[in-house]
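Remarks on the overall topology
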Amino acid sequence: MFPNPKDTILHEFQKLKEEVKKRKIAIELEVAAEYYADESFEKLLYKGNLLSFGKEDYLLFELSYFTKPQDLESMIYEIQKAGYTPVLAHPERYTYFHDSIDNYKRLKEVTDVLFQLNIVSIANYYSKQIAKIAKGLIDAGLIDFMGSDTHKKRHTTYLKQTLSDTYYKKSLRKNVILNNKLL
Ligand SMILES: [Fe+2]
């Protein structure tokens with residue numbers, strides 16, 4: 001639904017950097033993308049034309065929220081074979097995993113995939129059920145990266161709320177979070 005070719009993203013990123021410089025905002029910026037794992041993604045993967053991040057070439061990908069892909073394990077394997085370290089975006093949002101936290105444990109055991117939590121999930125941004133799963137993942141120590149999911153101003157209210165939530169603090173204690181390793 002949202003094609004995000006590398007050239008377009010890099011072009012817009014350049015414009016953002018220029019604007020930030022012009023306004024003298026002290027912030028370090030990097031760019032990557034979140035890929036919806038469909039057929040066009042597989043084509044991109046084989047071409048090696050993807051925007052990854054960090055020294056480990058982390059590749060952020062997401063799935064359908066409601067329909068589990070039949071070949072999820074092999075798709076993750078293909079990402080690894082292409083030389084990337086797969087990071088599943090917002091695992092807490094996939095309804096077909098919700099019946100047990102063990103589904104997540106199993107997926108990590110079988111594939112070594114990493115998980116990036118949308119931290120606003122903790123503060124009930126999406127739903128109570130998603131908040132419950134997010135907390136379950138934190139308790140089980142299954143989170144590797146934290147993402148803000150800040151697309152618009154409305155998200156910043158939830159982000160502030162999240163930062164003072166006890167579960168946010170717990171997430172940092174009970175999980176090995178890799179965000180700081182990217183600096
Ligand atoms: Fe997403």
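Our next topic: the nonpolar core. Core analysis: the biggest nonpolar cluster contains 40 residues, and Phe41, Phe61, Leu63, Leu88, Leu107 and Leu117 have the highest contact counts within it. Every element with two or more residues in this core is listed here: helix 2 (39–47), strand 2 (58–62), helix 3 (72–81), helix 4 (101–111), strand 4 (114–118), helix 5 (128–139) and helix 7 (166–174). In this structure Leu107 touches Leu72, Glu73, Ile76, Leu88, Phe97, Asp112, Val113 and Phe115, once residues within four positions along its chain are discounted. Of all hydrophobic cores here, the second largest spans eight residues; its members include Phe53, Leu60, Leu114 and Leu178.

Right, let's talk about the packing of aromatic side chains for a bit. Counting across every chain of the model gives 13 aromatic pairs. Centre to centre, the rings of Phe53 and Tyr58 are 5.5 Å apart; their planes meet at 40°, and the pair counts as tilted. Of the two residues examined, Phe53 and Tyr58, each falls in the buried class. Among the aromatic residues, those joined into a ring-pair cluster are Tyr65, Phe66, Tyr94, Tyr96, Phe97, Tyr104 and Phe115. The positively charged end of Lys108 is found above the aromatic ring belonging to Phe115, 4.8 Å away from the centroid.

Turning next to unusual backbone geometry. Despite not being glycine, Asp57 shows a phi value in the positive range, around 50°. Position of Asp57 relative to the elements: it lies in the loop between helix 2 and strand 2. You can call Asp57 partly exposed: its relative accessible area is 32%. One non-glycine residue, Asn124, lies in the positive phi region at around 65°.

Distances from the iron ion to its protein donors, namely Glu34 (OE), Glu62 (OE) and His90 (NE2), fall within the range 2.2 to 2.4 Å. What makes Glu62 buried here is its relative accessible area of 16%.

This paragraph deals with the packing of helix 3 against helix 4. Between helix 3 and helix 4, whose axes approach to 10 Å, the crossing angle comes to 40°. Looking at the two axes, helix 3 sits oblique to helix 4. In the packing of helix 3 onto helix 4, the handedness of the crossing is right-handed. Contacts between helix 3 and helix 4 involve Leu72, Glu73, Ile76 and Gln80 from the former and Leu107, Val110 and Thr111 from the latter. Grouping the amino acids of the contact of helix 3 with helix 4 by side-chain chemistry returns four nonpolar, two polar and one charged.

On to the pattern of salt bridges. Counted according to the given criterion, the structure contains seven salt bridges. A salt bridge links Lys22 to Glu19, with the shortest nitrogen-to-oxygen separation between them at 3.5 Å. You can see Lys22 and its partner Glu19 sitting in helix 1 (residues 6–22), three residues apart, about one turn around the helix. Since its relative accessible area comes to 64%, Lys22 is described here as exposed. Of the residues examined, Glu19 reaches a relative accessible area of 29% and is grouped as partly exposed. Among the salt bridges present, the one from Arg23 reaches Glu19, with a minimum N-O distance of 2.9 Å. Residue classification places Arg23 among the exposed residues on the basis of a relative accessible area of 57%. Among the charged side chains, a salt-bridge network with shared partners connects Glu19, Lys22 and Arg23.

Rules and cut-offs
Residues numbered from 1 in each chain as written. Predicted model: local features only at pLDDT ≥ 70, side-chain atom pairs only at ≥ 80, totals over all residues. Heavy atoms only, no water. Core = buried A, V, L, I, M, F, W, Y, C linked by side-chain atoms within 4.5 Å. Buried < 20%, exposed > 50% of the residue type's maximum accessible area, 1.4 Å probe, protein only. Helix = DSSP H or I, 4+ residues; strand = E, 2+ residues; numbered from the N terminus. Contact = heavy atoms within 4.5 Å. Phe/Tyr/Trp six-rings, centres within 6.5 Å; stacked < 30°, edge-to-face > 60°. Lys NZ or Arg CZ within 6 Å of the ring centre and 35° of its normal. Donors = N, O, S within 2.8 Å, 3.2 Å for Na, K, Ca; no water. Axes fitted to C-alpha atoms, helices over the stretch in contact; angles between N-to-C directions. Parallel < 35°, antiparallel > 145°, perpendicular 65-115°, else oblique. Left-handed = near helix turned anticlockwise from the far one by under 90°. Nonpolar A, V, L, I, M, F, W, Y, C, P; charged D, E, K, R; others polar. Salt bridge = Lys/Arg side-chain N within 4 Å of Asp/Glu carboxyl O.

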